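# Examining the three-dimensional arrangement
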Amino acid sequence: MKKTRILSLVLALMMLLGIASAGSAESLNLAQLPLTDQAGATVSILGMNSWYSTVDLKDALLLKEIADRAGVTIDWTLIDPTTYSDTVSPMLAAGKDLPDILEMPDLDLNMDYLSSGMLEPLDEHFDLMPNYVAFLEKNPDIKASLTAVDGHIYYVPQTVVTNNYQPVLMYNMPWLEKLGLEAPKTLDEFVAYLRKIKETDLNGNGENDEIPMSIQNAFLPYMFAPAFGLDLVSGYYADDNGVVHFAAYEKDAYKAYLSFLHGLYEEGLLEQEFTSLNRDQITARCANDQTGATFDYSWQMSNLYSAQYPNYDKTVGIIAGAAPLSGEHAGFYVGRNPVSGIFGINAKSNNKELAIKFLDYAMSEEAQDLYVWGMEGLTYEIVDGARQYLPRCTEDTIWYQGLGINAPNMPSQQSTPATDVLLPKWHVENDRTFEEPFIRAPYPTVYATEEEASTSSMYQVDIDTYVNESAVAFITGTKNLEADFDNYIATLESMQIAEMLKVRQAQYDRFAAAQK
Ligand SMILES: [Ca+2]
């Protein structure tokens, strides 16, 4: 039983991760098809093969459909995704006999590849890329993230959902009801709820075994820092005036945040072992109806946590999301940056024009629709005007993945509508009501100059380690906030936090300028 549940969760997650954007019902392509009238035209692509080891995307039906419509044959070089970086990095470094289109092994944030000259500046060919130009116009933040320091755009992105199904605060809804409470909206209301849990036999087993909240250490910044006006998740963030701050160096606000958590810890509302708590333990607590609140990726609320309760019938959430907590500042949730992968054109290719046109068509809404939904009658049907995946999509994963529907080897865009259909209705409504309206974008993905990359690599890792260790020490009381906090700030200064702030400010300024 449990195994099946976990398996279906994994499958659902794999579908989500692979899923691209569903455009409007009308699919759209701005390029003229076929892209070439030359018989036997070929485009070669280096890309990731399926995450399922028994699936070879070389024969993927949907990708073949895209190639057919474009009038080309694709010559694939597909590499196992688990070893992609290790295999592809040396190939790119050697730079010989590379395919026309290259899926890069990382986001190239230090511009190692694009400053080597091996990639064609795509903006010089935007006349051949009507679909991509339209995409960038619709997504100025992605355009800004992909604009290199030299002002050129070298890559086409693969993207993920940013404002939906991100980490969110969840409550034990039956417990709130038993206590006659609404979901807390402020830190004070939240603490009052935790205290009530401690003194009430909410699971009715006659024992005082209720654990007020179950939260993994990594989610503490997501859950509590916004109420203090801090984006501790990104670390760096820009305020309304475009000034970049480092959250753990905001003397008053960060100290107040640590002081609040130390109070929870002292009172036993944040458990002693909070640094080692993991998702399996939280899941077990749900199975025993033992905990009142948690914080996790939205995914878990229906498929994992609510599913642990025997009376869960998929129509009403038992562990369900709620609005973020506010304090002196209005609460928010931290979203995600969109770009998850990048594709470029080999500057040495002798087939550049067709490759550019194909990469553009691969970004069209028409192609995106195929990656996301597949084809009517094959992978989906229309019920009451809305698309639903056919049962075979979940029953026969290898077949489904083999169609190329996840397209890890194409610039596919994840979409919220295609994710919604995988989840119970209450969960989708919960996301639209309590998560999406409160999402704030994280510090953006921005290219680094060589000097910035060198400064970051010198200082940032040590700063992060020191901040994380110190946070645990202040929360547990090993370090005293009154006696040791000034020294903590002074140590960050000696670790060159000012230099890092200069770097992040320059990057943010470039990002803001490129959005215009
Ligand atoms: Ca009890």
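The rules behind each value
Residues numbered from 1 in each chain as written. Predicted model: local features only at pLDDT ≥ 70, side-chain atom pairs only at ≥ 80, totals over all residues. Heavy atoms only, no water. Helix = DSSP H or I, 4+ residues; strand = E, 2+ residues; numbered from the N terminus. Rg over C-alpha atoms; globule rule 2.2 N^0.38 Å. Buried < 20%, exposed > 50% of the residue type's maximum accessible area, 1.4 Å probe, protein only. Contact = heavy atoms within 4.5 Å. Areas by Shrake-Rupley, 256 points an atom, 1.4 Å probe, with all protein chains shown as cover. Lys, Arg positive; Asp, Glu negative; His and termini not counted. Charge placed at Lys NZ, Arg CZ, Asp CG, Glu CD. Donors = N, O, S within 2.8 Å, 3.2 Å for Na, K, Ca; no water. Pairing = 2+ DSSP bridges. Axes fitted to C-alpha atoms, helices over the stretch in contact; angles between N-to-C directions. Polar contact = N/O pair within 3.5 Å; in protein donor to acceptor, adjacent residues only side chain to side chain. Core = buried A, V, L, I, M, F, W, Y, C linked by side-chain atoms within 4.5 Å. Domains from an automatic or database assignment. Phe/Tyr/Trp six-rings, centres within 6.5 Å; stacked < 30°, edge-to-face > 60°. Lys NZ or Arg CZ within 6 Å of the ring centre and 35° of its normal. Parallel < 35°, antiparallel > 145°, perpendicular 65-115°, else oblique. Nonpolar A, V, L, I, M, F, W, Y, C, P; charged D, E, K, R; others polar. Buried area = accessible area lost by both parts, 1.4 Å probe. Salt bridge = Lys/Arg side-chain N within 4 Å of Asp/Glu carboxyl O. Patch = residues over 30% accessible without salt bridge, like charges linked within 9 Å, V, L, I, M, F, W, Y side chains within 5 Å.

It is worth spelling out the overall build of the protein at this point. Within the protein one finds 20 helices and 14 strands. Scaling as 2.2 N^0.38, a compact globule of 516 residues should have a C-alpha radius of gyration of about 24 Å, and the protein matches this with 25 Å. Structurally, the protein occupies a C-alpha span of about 75 × 55 × 35 Å along its principal axes. When burial is assessed residue by residue, the protein has 55% of its 516 residues classed as buried. In the protein, the proportion of contacts linking residues at least 24 apart, taken out of those at least 6 apart, comes to 77%. When the accessible surface of the protein is summed, it comes to about 22,700 Å², and 50% of that surface belongs to carbon and sulfur atoms. Counting 33 positive and 72 negative side-chain charges, the protein places the averaged centre of each group 2 Å from the other.

Time to look at the coordination of the calcium ion. Listed as protein donors to the calcium ion are D201 (OD), N203 (OD1), N205 (OD1), E207 (O), D209 (OD), E210 (OE) and E210 (OE); their distances from the metal cover 2.3 to 2.9 Å. Sequence spacing of the donors to the calcium ion: D-x1-N-x1-N-x1-E-x1-D-E. For N203, a relative accessible area of 18% corresponds to the buried category.

With that out of the way, let us pick up the sheet that holds strand 8 (residues 293-297). As summarised here, the arrangement of the three strands in space is 8-5-9, forming an open sheet in which the pairing is antiparallel. In this open sheet, the two edge strands, each paired with only one partner strand, are strand 8 and strand 9 (319-321). Taken pair by pair, the neighbouring strands of this sheet meet at an average axis angle of 35°, ignoring direction. Pairing analysis gives five bridges linking strand 5 (residues 167-172) to strand 8, with the strands arranged antiparallel. Following the sheet pairing, Y171 is matched in strand 8 by A293. Its contacts with the sheet put helix 17 (residues 425-435) on strand 5 and strand 9, and the angle it makes with strand 9 is roughly 40°.

Within the fold, R285 resides in helix 10 (residues 279-287). Of the polar contacts made by the side chain of R285, one reaches the side chain of S214; its length is 2.8 Å. Once residues within four sequence positions are removed from consideration, R285 is found in contact with I211, M213, S214, E271, L277, Q290 and T291.

This next bit is on the nonpolar core. The biggest cluster of nonpolar side chains holds 84 residues, and the ones touching the most others in it are F190, M213, F224, Y254, Y257, L264 and Y488. Among the elements that line this core, the one with the most residues is helix 9 (residues 251-266), at seven residues. Summarising the domain contributions, this core has at least three residues from each of domain 2 (167-334) and domain 3 (450-515). Those residues in contact with M213 that sit more than four places away from it in its chain are F190, L194, M223, F224, L264, L269, L270, E271, R285, T291 and A293. Counting 75 residues, the second largest nonpolar core, distinct from the first, contains I66, A148, C393 and A407.

Right, let's talk about the packing of aromatic side chains for a bit. Taken as a whole and judged by the stated rule, the model has 29 aromatic pairs. With centroids separated by 6.3 Å and ring planes inclined at 85°, the aromatic side chains of Y312 and W426 adopt a geometry described as edge-to-face. Of this pair, Y312 sits in the loop between helix 11 (299-305) and strand 9 while W426 sits in helix 17, and the two are 114 residues apart along the sequence. Take Y312 and W426: they sit in the same class, and that class is buried. One aromatic cluster in this structure is built from Y171, F190, Y193, F224, F228, Y254, Y257, F260, Y466, F474, F485 and Y488. Here the basic side chain of R504 rests over the ring of Y236, its NZ or CZ set 5.0 Å away from the ring centre.

What follows covers the packing of helix 18 (residues 450-476) against helix 19 (residues 481-494). Close contact between helix 18 and helix 19 brings their axes to 12 Å; oriented N to C, the two are set at 175°. When the axis of helix 18 is compared with that of helix 19, the two are roughly antiparallel. Contact with helix 18, carried on its side by I463, Y466, V467, S470 and F474, involves L481, D484, F485, N487, Y488, T491 and L492 of helix 19 and no other residues of that element. Partitioned by chemical class, the residues of the contact of helix 18 with helix 19 number eight nonpolar, three polar and one charged.

Here we come to the sheet that holds strand 3 (residues 101-103). Pairing is mixed across the open sheet formed by five strands, whose spatial order is 2-1-3-11-4. Each edge of the open sheet carries a strand with a single partner, namely strand 2 (73-79) and strand 4 (156-159). Going from strand to strand, the sheet's axes swing by 20° on average, the running direction of each strand aside. Strand direction decides the pairing type here: strand 1 (residues 42-48) and strand 2, joined by seven bridges, are parallel. Across the sheet, the residue bridging to T42 is T73, located in strand 2. In the packing of helix 3 (residues 84-94) onto the sheet, contacts are made with strand 1, strand 2 and strand 3, and the angle to strand 1 comes to roughly 135°.

The next subject is the domain arrangement of the protein. In terms of domains, the protein is made up of domain 1 (2-162 + 338-422), domain 2 (167-334) and domain 3 (450-515). Computed over C-alpha atoms only, the centres of domain 2 and domain 3 are separated by 26 Å. With 22 residues of domain 2 at the contact, the number on the domain 3 side is 24 residues. Buried surface at the junction of domain 2 and domain 3, summed over both partners, amounts to about 2,000 Å²; 74% is from carbon and sulfur atoms. One salt bridge in this structure joins K255 and E482, with 3.7 Å as the shortest N-O distance. Between the two partners, domain 2 and domain 3, sit seven residue pairs in polar contact (both at pLDDT 80 or more). Looking at the side of domain 2 that touches domain 3, the elements with two or more residues in it are strand 6 (236-238), strand 7 (244-246) and helix 9. The dominant element in the side of domain 2 that touches domain 3, judged by the number of residues it contributes, is helix 9, at eight residues.

Our focus in this paragraph is a negative patch on the surface. Negative charge collects at one region of the surface, where D106, D112, E450 and E451 lie side by side. Looking at where E450 falls in the secondary structure, it is placed in helix 18.

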